[in-house]
Amino acid sequence: MFDWNDLRFFLELQRSGRLLTAARRLNTTHATVARHIEAIEKSLGTALFVQHAQGYEMTPAGEALLKHAEAMENVALLAQEEITQSTAPLGKIRVGVTEGLGIMFLASRMIGLFERYPGLEVELVAVPRFVSILNREAEISIHLERPAADMLVTRKLTDYRLALYASRAYLDNAPPLRSREDLGRHAWIGYVDDLLFSQELMFLNSFCRNPRVVFHSTSVIAQQQAARSGLGIAVLPCYMAASDPDLVPLLPDESIERSYWISTRRELHKSVRLRVVWDYVVGLCEGERELLMGQ
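These figures come from a predicted structure and were not determined experimentally.

Visitor: Would you mind showing me how to read the packing of helix α1 (residues 6-16) against helix α3 (residues 30-44) here?
Guide: Helix-helix packing is described using two parameters, namely the angle between the two axes and the distance between the axes. Where α1 contacts α3, the axes come no closer than 9 Å and their chain directions differ by 110°. With respect to each other, α1 and α3 are oriented roughly perpendicular. Viewed along their axes, α1 and α3 form a crossing whose handedness is left-handed. Taken together, the residues of α3 that come into contact with α1 (itself represented by Asp-6, Leu-7, Phe-9, Phe-10 and Leu-13) are Thr-32, Val-33, His-36, Ile-37, Ala-39 and Ile-40. Looking at the contact of α1 with α3 residue by residue, the classes come out as eight nonpolar, two polar and one charged.

This is the structure we're talking about:
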């Protein structure tokens, strides 16, 4: 029988695909990860991974072991949750969220949660990419698209509105902007198309058929800063830009609506600490609907 501890290394290598990444996440060395993988392969008498230039890929034996390893991990997590909640009701919870919502909306509004639950610790992973719950990057994740995985509990968090913004300095030196037809004469700020992490971010053409994009960034906050400096027109969430004194809203009838979705793994949904954070974020968005919708 293999050592149960080896499964931690097996799961992390499967999720990361690289020894160095797995080692960093487990706070150990790549040699230690390799040693544990070799040990479990020796015990089972079969290879679990094949190494390629792009990283490690599971063999059919690895695929067969994966579902059992994940089930064992889930049982261990639930046991830990049940025991720790009976002695200390709260603890650490990690929330993965898109950069704009995480930095420009949630971070400044979390204090009420800690005033209510002083024993809580939150890790807010606010990045311009998809944060995976299935790969254990977070316990709660907020997405631009509804996840399709069956093992997740998902609900719509909120709708939000995006509109056009530019600085007064830009407008003073740019062609007149009185209607949608004038937008083609202006400079635009947008995302890096081949690095988009969601199709929901492809919205420039919703406003202008052939936008002349002069500045691209994977970061919506960088786009906001570029617009403030006078580079051009940016499509920004109203909750980020409406109260920015350096930005002017343009063409009030021209806007688009998108949604945020919140999800977690099905087996974690009954967790006390997770539901505390989940319910707070849901209530926060419901209470700030007018801001999110730019009303």
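Visitor: Whenever I open this one, the packing of aromatic side chains confuses me. Can you help?
Guide: Two numbers describe a pair of aromatic rings. These are the distance of the centres and the angle of the planes. All chains considered together, the criterion is met by six aromatic pairs. On the basis of an interplanar angle of 10° and a centroid distance of 4.2 Å, the ring pair of Tyr-160 and Tyr-260 is categorised as stacked. A residue pair is termed long-range when its members are at least 10 positions apart, and Tyr-160 in strand β6 (residues 152-166) and Tyr-260 in strand β10 (residues 248-265) qualify at 100 residues. Tyr-260 carries the same exposure label as Tyr-160, and that label is buried.

Visitor: Is there a simple way to explain the pattern of salt bridges in this structure?
Guide: Pairs can form between side chains of opposite charge once their charged atoms are near each other. Tallied over the full model, the rule gives 13 salt bridges. Glu-137 is the salt-bridge partner of Arg-25, the closest N and O atoms lying 3.9 Å from each other. On the criterion of sequence distance, the pair formed by Arg-25 in helix α2 (residues 19-25) and Glu-137 in the loop between β4 (121-127) and β5 (140-143) is long-range, its members being 112 residues apart. By relative accessible area, Arg-25 is classed as partly exposed at 41%. Classification of Glu-137 by relative accessible area gives buried; the value is 18%. Ionic pairing is found between Glu-123 and Arg-94, a salt bridge with its closest N-O pair at 2.7 Å. Taken together, the positions of Glu-123 in strand β4 and Arg-94 in strand β3 (residues 92-98) put the pair 29 residues apart, joining distant regions of the chain. A relative accessible area of 24% means that Glu-123 is categorised as partly exposed. A single salt-bridge network, built from bridges that share partners, covers Lys-92, Arg-94, Glu-121 and Glu-123.

Visitor: Would you mind going over the state of the cysteines with me for this structure?
Guide: Linking two cysteines covalently via their sulfur atoms produces the bond known as a disulfide. Overall, the coordinates contain zero disulfides when judged by the stated rule. Cys-208 forms no disulfide, and the closest cysteine sulfur to it belongs to Cys-238, at a distance of 19 Å. Residue Cys-238 stays outside any disulfide, its sulfur separated by 15 Å from that of Cys-285, the closest cysteine. When its relative accessible area of 5% is taken as the criterion, Cys-238 is described as buried.

Visitor: Could you clarify how one ought to interpret α1 in this entry?
Guide: Each full turn of the α-helix corresponds to 3.6 residues, which orients residues three or four apart in the same direction. Here α1 lies mainly inside the structure; nine of its eleven residues are buried. Taken as a whole, α1 has its buried residues at Asp-6, Leu-7, Phe-9, Phe-10, Leu-11, Glu-12, Leu-13, Arg-15 and Ser-16. Positive backbone phi, at 80°, marks Gly-17, one or two positions downstream of α1.

Visitor: How do you make sense of the sheet that holds β6 when you look at a structure like this?
Guide: Each strand in a sheet pairs with another by means of backbone hydrogen bonds, the pair being arranged parallel or else antiparallel. Judged by pairing direction, the sheet is mixed, and its eight strands sit side by side in the order β4-β3-β5-β10-β6-β9-β7-β8 without closing on themselves. Of all the strands in the sheet, the pair left with one neighbour each is β4 and β8 (212-216). Each strand axis lies, on average, 25° off the axis of its neighbour in the sheet, ignoring direction. For β3 and β5, the ladder comprises two bridges, and the chain directions are parallel. Across the sheet, Val-95 pairs through a bridge with Ile-140, a residue of β5. Of the strands in this sheet, β3, β4, β5, β6 and β10 are in contact with helix α5 (residues 99-106), which crosses β3 at around 115°. Along the sheet, helix α10 (residues 272-287) contacts β3, β4, β5, β6 and β10; its crossing angle with β6, the most-contacted strand, is approximately 35°.

Conventions used here
- Residues numbered from 1 in each chain as written.
- Predicted model: local features only at pLDDT ≥ 70, side-chain atom pairs only at ≥ 80, totals over all residues.
- Heavy atoms only, no water.
- Axes fitted to C-alpha atoms, helices over the stretch in contact; angles between N-to-C directions.
- Helix = DSSP H or I, 4+ residues; strand = E, 2+ residues; numbered from the N terminus.
- Parallel < 35°, antiparallel > 145°, perpendicular 65-115°, else oblique.
- Left-handed = near helix turned anticlockwise from the far one by under 90°.
- Contact = heavy atoms within 4.5 Å.
- Nonpolar A, V, L, I, M, F, W, Y, C, P; charged D, E, K, R; others polar.
- Phe/Tyr/Trp six-rings, centres within 6.5 Å; stacked < 30°, edge-to-face > 60°.
- Buried < 20%, exposed > 50% of the residue type's maximum accessible area, 1.4 Å probe, protein only.
- Salt bridge = Lys/Arg side-chain N within 4 Å of Asp/Glu carboxyl O.
- Disulfide = S-S within 2.5 Å.
- Pairing = 2+ DSSP bridges.

What is shown is where atoms sit, not what they do.
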